[in-house]
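Residue-level listing of the chains:
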Amino acid sequence: MKRLSLFITIQLFGLQAFSQPAWKLVKEKNGMKIFMASVENSKFKSIRVQAVFEGTIQKLMSVVGNISKHPEWVYKAKTAYILKRVNDNDFFYYIES
């Protein structure tokens, strides 16, 4: 019985730790919805974008992977550049908003 009680307690606390933030729609344009939410104990905000695109995964990855072009389409992005490229698919980048 102790194992079951402990498991339920962990699950209840786990649900609180991973609960979804309160998303607020901040912009809607051209079929895209942009949401923001506060992050507990942080001065940063989370961002979520919902959209439907026509095309291929390869085309999507080429757009998303073109970091220098992010200020043209990423919400409130001022500048973006690659800090370190690990390989063709893995890299670290900086983006300022």
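What counts, and where the lines are drawn
Residues numbered from 1 in each chain as written. Predicted model: local features only at pLDDT ≥ 70, side-chain atom pairs only at ≥ 80, totals over all residues. Heavy atoms only, no water. Pairing = 2+ DSSP bridges. Helix = DSSP H or I, 4+ residues; strand = E, 2+ residues; numbered from the N terminus. Axes fitted to C-alpha atoms, helices over the stretch in contact; angles between N-to-C directions.

Across six bridges, strand E4 (residues 79–85) lies against strand E5 (residues 91–96) in antiparallel orientation. Paired with Ile82 across the two strands is Tyr93, which belongs to E5. From the end of E4 to the start of E5, which pair antiparallel, there are five residues.

Turning our attention to the sheet that holds strand E3 (residues 45–50). Sheet strands associate in pairs through backbone hydrogen bonding, adopting either a parallel or an antiparallel arrangement. Judged by pairing direction, the sheet is antiparallel, and its three strands sit side by side in the order E1-E2-E3 without closing on themselves. Every interior strand has two partners, whereas the edge strands, strand E1 (24–29) and E3, have only one. Taken pair by pair, the neighbouring strands of this sheet meet at an average axis angle of 20 degrees, ignoring direction. Here E1 pairs with strand E2 (residues 32–38) via five bridges, running antiparallel. Residue pairing for E2: Leu25 is matched across the bridge by Phe35.

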